[in-house]
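# Geometric and topological summary
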Amino acid sequence: MTSLDHPNRRPEKEMVPRILVQAMFALMVGSCAMVGYAQWADVPDTGVLIEAPVVQERTVTLVGDRTGKYTVRDDTGAVIAASSDDKAGFLGVMGRVIERERALQAVAIDAPIQVVRRTNGHVGIVDPSTGMVIDLIGYGTDNVAAFANLLK
């Protein structure tokens, strides 16, 4: 007699009701059908962020070291900020993002980036060497302030 044939063993109870599994698959098929229709019918994109014009910009170089500390240098080479500064750790986070994209595209790691302020008040990062544009929306006030302070 195996442990599965034991007389005192209770039958397995369904962990997820069948109707929920069916509803999940119906939702998945419905979503794919709507996306397929939108692509086929050439429905215009909605909810896409429109880039506002730039009103202020500053060219800086974001350079990291082996310890993960990133320094921000202006065009004269002077250090203007570091990820180890108070409430500036986000500089290092974005430094790694930019460094990763540059490695994927085989671009120089130490090329300058632009920190921009747009007419709508949003702060963004533009990397001309890779074409990457990051609008800092939804990253939190301290994180956005780390880059906004570079524009002062």
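Calculation rules
- Residues numbered from 1 in each chain as written.
- Predicted model: local features only at pLDDT ≥ 70, side-chain atom pairs only at ≥ 80, totals over all residues.
- Heavy atoms only, no water.
- Helix = DSSP H or I, 4+ residues; strand = E, 2+ residues; numbered from the N terminus.
- Rg over C-alpha atoms; globule rule 2.2 N^0.38 Å.
- Buried < 20%, exposed > 50% of the residue type's maximum accessible area, 1.4 Å probe, protein only.
- Contact = heavy atoms within 4.5 Å.
- Areas by Shrake-Rupley, 256 points an atom, 1.4 Å probe, with all protein chains shown as cover.
- Lys, Arg positive; Asp, Glu negative; His and termini not counted.
- Charge placed at Lys NZ, Arg CZ, Asp CG, Glu CD.
- Pairing = 2+ DSSP bridges.
- Salt bridge = Lys/Arg side-chain N within 4 Å of Asp/Glu carboxyl O.
- Expected span 1.5 Å × (residues − 1).
- Core = buried A, V, L, I, M, F, W, Y, C linked by side-chain atoms within 4.5 Å.
- pLDDT = per-residue confidence, 0-100.

What follows concerns the overall build of the protein. The number of helices and strands found in the protein is three helices and six strands. Order of helices (α) and strands (β) in the protein, N terminus to C terminus: α-β-β-β-α-β-β-β-α. What you see for the protein is a C-alpha radius of gyration of 25 Å, clearly larger than the 15 Å of a compact globule of 152 residues, by over 25%. Here the C-alpha coordinates of the protein stretch approximately 80 × 50 × 30 Å along the principal axes. Residue burial in the protein is summarised as follows: out of 152 residues, 26% are buried. For the protein, the proportion of contacts with a sequence separation of at least 24, taken over those separated by at least 6, is 48%. Surface summary for the protein: the accessible area is close to 10,800 Å², and the carbon and sulfur share equals 58%. If the 15 positive side-chain charges of the protein are averaged to one point and the 18 negative ones to another, these points end up 7 Å apart.

Moving on to the side chain of Thr130. Here Thr130 is to be found in the loop between strand E5 (123–127) and strand E6 (132–135). For Thr130, the residues in contact, after removing those within four places along its chain, are Glu101, Arg102, Gln105 and Val107.

Time to look at the pairing of strand E1 (residues 54–64). When E1 meets strand E4 (residues 113–118), the two strands line up antiparallel, connected through six bridges. The residue of E4 that forms the bridge with Arg58 is Val115. Where E1 hands over to strand E2 (residues 70–73), the hairpin turn is made up of five residues, of which Gly68 adopts a positive phi near 95°.

Turning our eyes to something else, we now look at the pattern of salt bridges. The final tally for this structure, using the stated rule, is two salt bridges. A salt bridge links Asp135 to Arg118; the shortest N-O distance between them is 3.0 Å. Residue Asp135 is located in strand E6, and its partner Arg118 is located in strand E4; the two are separated by 17 residues in the primary sequence. An identical accessibility class is assigned to Asp135 and Arg118; each is buried.

Turning to helix H2 (residues 89–104), a few remarks are in order. Between its first and last C-alpha, H2 extends 23 Å over 16 residues, near the 22 Å set by a 1.5 Å rise per residue. Along H2, the positions that sit buried rather than exposed are Phe90, Leu91, Gly92, Met94, Gly95, Ile98 and Arg102. One or two steps after H2, the chain reaches Ala106, where phi turns positive at roughly 55°.

Another point: helix H1 (residues 18–40). Between its terminal C-alpha atoms H1 stretches 33 Å, which fits the 33 Å expected from 23 residues at 1.5 Å a residue. Downstream of H1 by a residue or two, Asp42 has a phi angle that is positive, lying close to 60°.

What follows is about the nonpolar core. Counting 23 residues, the largest nonpolar core has Leu91, Val123, Ile125, Leu136 and Phe147 as the members making the most contacts within it. Mapped by element, the contributors of at least two residues to this core are E1, E2, H2, E4, E5, E6 and helix H3 (141–148). Ignoring any residue separated from it by four or fewer positions in sequence, one finds Ile125 in contact with Met94, Ile98, Ile113, Gln114, Met132, Val133, Ile134, Leu136 and Phe147.

Turning our attention to the environment of Thr61. With respect to the helices and strands, the residue Thr61 is situated in strand E1. Those residues in contact with Thr61 that lie beyond four places of it in its chain are Thr71, Val72, Arg73, Asp110, Ala111 and Pro112.

A few words now on unusual backbone geometry. Positive phi outside glycine occurs at Lys87, with the angle close to 60°. With respect to the element layout, Lys87 can be found in the loop between strand E3 (79–82) and H2. Judged by its relative accessible area of 54%, Lys87 is exposed. A positive phi is found at Ala106, a non-glycine position, where the angle reads about 55°. With respect to the helices and strands, Ala106 occurs in the loop between H2 and E4.

A few words now on the confidence of the model for the protein. The predicted model of the protein averages 89 in pLDDT, with 93% of residues at 70 or higher. Averaged pLDDT values over the elements of the protein bottom out at 91 in E3 and peak at 96 in H1.

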